[in-house]
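Single-letter residue listing:
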Amino acid sequence: MDKGDERKRQLLRVALDIFIEKGYYGTSTREIARQAGVSSGLFFHYFNNKESIYLELIKIGIQEMKFNTEMAMESPCNYLFQIIENTFEQLENNSFFARMFVFMDNVQYTVVNEKEITLLLESADICKQWIPIILEGQQRGEFREGNPHSLCVAVFGAIQGIAQEKVRNPSTPLPKIDWLMDMIVRRTK
């Protein structure tokens, strides 16, 4: 990795922290540059403005939120378990990933270049991706009956809350994956 790539990643990490702490409107390019230890001129070498670094972070977050729907349809229950397991591993070992969860939630409530951000967020809508997977799991008898959108909201909402707590307090222990799976998996008596 060259020095330019590392500098850009550094600016993204710093911007992510400031956007989480102060929101889009409370963040300035000057503050991002200052906290990254670079000049404003160098900041503008990598990003045109505050909106461009914000959009770059959203694009990174969206990449993390894409699911392999085809693979999920083969075994919805196993796929969901793997998604939660991988997410928890990242939350435990990758603070950028955890902070990205919090950032992406905040993006939902910030009006910046609304059209482009709306299109980006729609492309990675968790419920739109998960509902067909949940429906398939229900048809196979793997997942409990109920509104698939509500089941998605319950599971993803729990994961989102866990990520937020992990960012707030990194020593927070993660729950067992089975606890979240119990929310959606159909258990036989």
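Below: a short report on this structure. All figures in this text were calculated on a predicted structure; none of them were measured in a lab.

Okay, the side chain of T29 next. By the secondary structure assignment, T29 is in helix α2 (residues 29–36). Non-local contacts of T29, meaning those with residues more than four positions away in its chain, are made with F43, F44, N49 and K50.

What follows deals with the nonpolar core. Note on soluble globular proteins: their nonpolar side chains tend to be buried together. The biggest cluster of nonpolar side chains holds 58 residues, and the ones touching the most others in it are F19, I32, I53, I58, I84, F103 and W130. Excluding residues that lie within four positions of it along the chain, W130 makes contacts with F67, L80, I83, C152, V155, F156 and I159.

Turning to its location among the elements, K50 is positioned in helix α4 (residues 50–64). Despite being buried, K50 has no salt bridge partner; E31 is the closest side chain of opposite charge, sitting 9.0 Å away. Polar side-chain contacts of K50 include one of 2.9 Å to the backbone oxygen of Y24. Among all residues touching K50, those that are not within four sequence positions of it are F19, Y24, Y25, T27, S28 and T29.

Two elements in contact, α4 and helix α7 (residues 95–107), have axes whose closest approach is 10 Å; the angle formed by their N-to-C orientations is 110°. Comparing the axis directions of α4 and α7 gives the class roughly perpendicular. α7 is crossed by α4, and the crossing has left-handed handedness. For the pair formed by α4 and α7, the contact residues are Y54, L57, I58, I60, G61, I62 and E64 on the first element and F96, F97, M100, F103, M104 and V107 on the second. Across the contact of α4 with α7, the residue classes tally to 11 nonpolar, one polar and one charged.

Calculation notes
Residues numbered from 1 in each chain as written. Predicted model: local features only at pLDDT ≥ 70, side-chain atom pairs only at ≥ 80, totals over all residues. Heavy atoms only, no water. Helix = DSSP H or I, 4+ residues; strand = E, 2+ residues; numbered from the N terminus. Contact = heavy atoms within 4.5 Å. Core = buried A, V, L, I, M, F, W, Y, C linked by side-chain atoms within 4.5 Å. Buried < 20%, exposed > 50% of the residue type's maximum accessible area, 1.4 Å probe, protein only. Lys, Arg positive; Asp, Glu negative; His and termini not counted. Salt bridge = Lys/Arg side-chain N within 4 Å of Asp/Glu carboxyl O. Polar contact = N/O pair within 3.5 Å; in protein donor to acceptor, adjacent residues only side chain to side chain. Axes fitted to C-alpha atoms, helices over the stretch in contact; angles between N-to-C directions. Parallel < 35°, antiparallel > 145°, perpendicular 65-115°, else oblique. Left-handed = near helix turned anticlockwise from the far one by under 90°. Nonpolar A, V, L, I, M, F, W, Y, C, P; charged D, E, K, R; others polar.

Shape is all these values report; function is a separate question.
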